[in-house]
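Results of the structural survey
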Amino acid sequence: SGVTLIRVPVGVSIGHAFELDQEMSLTPYVHPRASLDVCSSCGARGGNRSGLSLNFDLGVNFQVNREFALRAAGSFSGSDLLGTEDTFAVGFNWTPRPLLRTKN
């Protein structure tokens, strides 16, 4: 549709890992951030718009073992440049053995 959105975010991730049995753990987290949003061809007249928005993610990581994890997260945007941008995702994470960190 000819619309270009550029977002420059700055934020932090805050979470805590709760150790469960054996190698399992549960890590809830929040990721608040501020972003400078610039949109070309936005709005009723198709002009350029920009603004500062506050966004955040809420999620949880369930580490099944050192190689496999399940993740769920929701992202909530404070930007109104393109309407609602709230999302929800579920993911599966696999880390190959050669890339695993060694425990000290």
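All values reported here derive from a predicted model rather than from experimental measurement. (Residues numbered from 1 in each chain as written. Predicted model: local features only at pLDDT ≥ 70, side-chain atom pairs only at ≥ 80, totals over all residues. Heavy atoms only, no water.)

1. Side note on the overall build of the protein
Defined as follows: Helical segments are the DSSP runs of H or I of at least four residues, strand segments are the runs of E of at least two, and each set is numbered from the N terminus. We compute the radius of gyration from the C-alpha atoms alone; for a globule the expected value is 2.2 Å times N to the 0.38, where N is the number of residues. Each residue gets one of three labels from its accessible area relative to the maximum for its type: buried under 20%, exposed over 50%, partly exposed in between, using a 1.4 Å probe on protein chains only. The charge count treats Lys and Arg as positive and Asp and Glu as negative. His and the chain ends do not count. Where a charge lies is defined by one atom per residue type: Lys uses NZ, Arg uses CZ, Asp uses CG and Glu uses CD.
Each helix and strand in the protein was counted, giving 0 helices and 7 strands. Start at the N end of the protein and walk to the C end: the helices and strands fall as β-β-β-β-β-β-β. Over its C-alpha trace the protein gives a radius of gyration of 18 Å, far above what one expects of a compact globule, namely 13 Å for 104 residues. For the protein, the C-alpha atoms occupy an extent of roughly 60 × 25 × 25 Å along the three principal directions. In the protein, which comprises 104 residues, the proportion classed as buried is 20%. Side chains of the protein carry 9 positive and 9 negative charges; the gap between the two charge centres is 6 Å.

2. Description of the packing of aromatic side chains
Condition: Here the aromatic set is Phe, Tyr and Trp, taking the six-membered ring for Trp, and pairing holds for ring centres within 6.5 Å; pairs whose planes are under 30 degrees apart are stacked, those over 60 apart are edge-to-face, and all others are tilted.
This model, assessed by the stated rule, comprises 2 aromatic pairs. Ring plane angle 25 degrees and centroid distance 5.7 Å describe the contact between phenylalanine 68 and phenylalanine 92, whose orientation is recorded as stacked. Here phenylalanine 68 is found in strand S6 (residues 68-76), whereas its partner phenylalanine 92 is found in strand S7 (residues 87-94), with 24 residues between them in sequence. When its relative accessible area of 58% is taken as the criterion, phenylalanine 92 is described as exposed.

In short, geometric facts, not functional conclusions.
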